[in-house]
Amino acid sequence: MKIAIRMDDISPAMDWDRFEAFRSLLEEHGIQPLIGVVPDNQDDNLIRGREKKEFWEYVKRLQQSGWAVALHGYRHVYTQKKGGLFPLNHFSEFAGVPYGQQKEMLEEGRKILESHGIVTDIFMAPAHSYDRNTLKALAQTGFRRVTDGFGTRPYRWRGMVFYPISFRMKNSLKNNPKNNSKKKEEFTTLVVHANTMDGDDLERYRRILERQEVISYGEYLAQPPEERGILGRLAEYWMAVAKHLLVKFL
C-alpha cells in the first residue's frame, strides 16, 4: 500500500517550529504532501505563536515546488453539531449549514487563496464533516476533489473524486514494508496535525518514511478513480460511525 500525506490546519499563526521540523523530514525523503490551508482562520485553537507575515508567499512557493494545496474550509469555526455524510466527528463548519451559506463560504475562501496566486480544486473539510449541500456547493464553485473517505483507491461519487484517508493506520502499515513487490496497487492517506506533534510523533513519522512506501500527494492525485455506488457509500458511512465510537470510548 502506498501512503500519501496530508497536513491539516495550515494557517499564519500555527506552530511553525513543529511544521518546519516535519517539513525537513519530508524533504529528506523527497516527499511533497497535501496541505490544507485555512483561508481566514478564526479558530483560536490554531493560533500557536507569532503570525508569519510572508505566509501566503510561503504557501505559494510550496505549491510551486510540488506540494499540493487544499482549501481547508473557510474560517475553521465549528457552528454545527453535525457529522454529515462522513461522521468521524459530530461537529462541523459546513455540514448542517444551508446550501447558499456554504456556497458563499466556499466562494470567499477560494477568492482569498486566488488573491494570493494559489489555485486549487481540492477541498479538505474541517473535522471531515460535509453533507450533500457541501458537495453541491463545491461543484458550483469549481471544486472537483475531496480529501476524505475510506478505501484503497480514489473513487468518484456525486460529481466529486474522493481520495480516501486511512481507517486505521496501524493496519495500513502492517506487513507493508518498502520494496514489497507482492503488494497490490493500493493507496491511503496519513493525516498529520503539525500543531500538536511532539517528539515521539516525529520519530514515529521518521520510521514510517524509512520503512514504508510513502509517495508524494501528486502521485495519488494522478490515479484514475473508481466508481462508487450507494452500497459503497453506506459501508463507508458506518465505518466512520464505528471509528467515531472507537475513538470516543477507547
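Procedures and definitions
Residues numbered from 1 in each chain as written. Predicted model: local features only at pLDDT ≥ 70, side-chain atom pairs only at ≥ 80, totals over all residues. Heavy atoms only, no water. Helix = DSSP H or I, 4+ residues; strand = E, 2+ residues; numbered from the N terminus. Buried < 20%, exposed > 50% of the residue type's maximum accessible area, 1.4 Å probe, protein only. Contact = heavy atoms within 4.5 Å. Areas by Shrake-Rupley, 256 points an atom, 1.4 Å probe, with all protein chains shown as cover. Lys, Arg positive; Asp, Glu negative; His and termini not counted. Charge placed at Lys NZ, Arg CZ, Asp CG, Glu CD. Axes fitted to C-alpha atoms, helices over the stretch in contact; angles between N-to-C directions. Parallel < 35°, antiparallel > 145°, perpendicular 65-115°, else oblique. Left-handed = near helix turned anticlockwise from the far one by under 90°. Nonpolar A, V, L, I, M, F, W, Y, C, P; charged D, E, K, R; others polar. Phe/Tyr/Trp six-rings, centres within 6.5 Å; stacked < 30°, edge-to-face > 60°. Salt bridge = Lys/Arg side-chain N within 4 Å of Asp/Glu carboxyl O.

Novice: I tried to follow the overall build of the protein chain on my own but got confused; where do I start?
Specialist: A tally of helices and strands in the protein chain yields 8 helices and 9 strands. Projecting the C-alpha coordinates of the protein chain onto the three principal axes gives extents of approximately 50 × 45 × 35 Å. Out of the 250 residues belonging to the protein chain, those deemed buried represent 50%. Counting only contacts in the protein chain whose residues sit at least 6 apart along the sequence, the fraction spanning at least 24 positions is 75%. Carbon together with sulfur atoms contributes 48% to the accessible area of the protein chain, which is approximately 12000 Å² in total. Averaged over its 38 positive side-chain charges, the protein chain has a centre that lies 6 Å from the centre of its 33 negative ones.

Novice: Hey, could you run me through the packing of helix α3 (residues 99–115) against helix α4 (residues 132–140) in this one?
Specialist: Helix packing for two helices is described by the angle between their axes and how far apart those axes are. Two elements in contact, α3 and α4, have axes separated by 9 Å at closest approach and are oriented at 45°. Taken together, the axis directions place α3 and α4 in an arrangement best described as oblique. The chirality of how α3 crosses α4 is right-handed. Together, Tyr 99, Gln 102, Lys 103 and Leu 106 of α3 and Asn 133, Thr 134, Lys 136, Ala 137, Leu 138 and Gln 140 of α4 make up the contact between the two elements. Taken together, the residues of the contact of α3 with α4 sort by class into 4 nonpolar, 4 polar and 2 charged.

Novice: Any chance you could explain the packing of aromatic side chains here in plain terms?
Specialist: Between two aromatic rings, the relevant description is the distance of the centres plus the angle of the planes. Per the stated rule, a full pass over the model turns up 19 aromatic pairs. Ring geometry for Trp 16 and Tyr 58: centres 5.3 Å apart, planes at 85°, overall edge-to-face. With Trp 16 in helix α1 (residues 16–28) and Tyr 58 in helix α2 (residues 55–64), the pair connects residues that are 42 residues apart, well separated along the chain. Taken as a pair, Trp 16 and Tyr 58 share a single burial class, namely buried. Consider the rings of Tyr 217 and Tyr 220, whose centres lie 5.4 Å apart with planes at 70°: the pair is edge-to-face.

Novice: Looking at this structure, I do not really get unusual backbone geometry. What am I missing?
Specialist: Of all residues except glycine, most have a negative phi; of all peptide bonds, most are trans. For Asp 9, which is not glycine, the phi dihedral falls at a positive 65°. Along the chain, Asp 9 falls in strand β1 (residues 2–10). Of note in this structure, His 128 is not a glycine but carries a positive phi near 65°.

Novice: Just to check I follow, could you spell out the pattern of salt bridges for this structure?
Specialist: Pairs can form between side chains of opposite charge once their charged atoms are near each other. Following the criterion strictly, the structure yields 18 salt bridges and no others. One salt bridge in this structure joins Glu 114 and Arg 110, with 2.9 Å as the shortest N-O distance. Highlighted residues: Glu 114 and Arg 110, both in helix α3, separated by 4 residues, approximately one helical turn. The class of Arg 110 is buried, set by a relative accessible area of 18%. Put simply, Arg 233 and Glu 236 hold a salt bridge, and the shortest N to O gap is 2.6 Å. Of the two residues, Arg 233 and Glu 236 are both situated in helix α8 (residues 230–249); the distance of 3 residues between them amounts to about one turn of the helix. Neither Arg 233 nor Glu 236 differs from the other in exposure class; each is buried. Through salt bridges that share partners, Lys 2, Glu 185 and Glu 219 make up one connected network.

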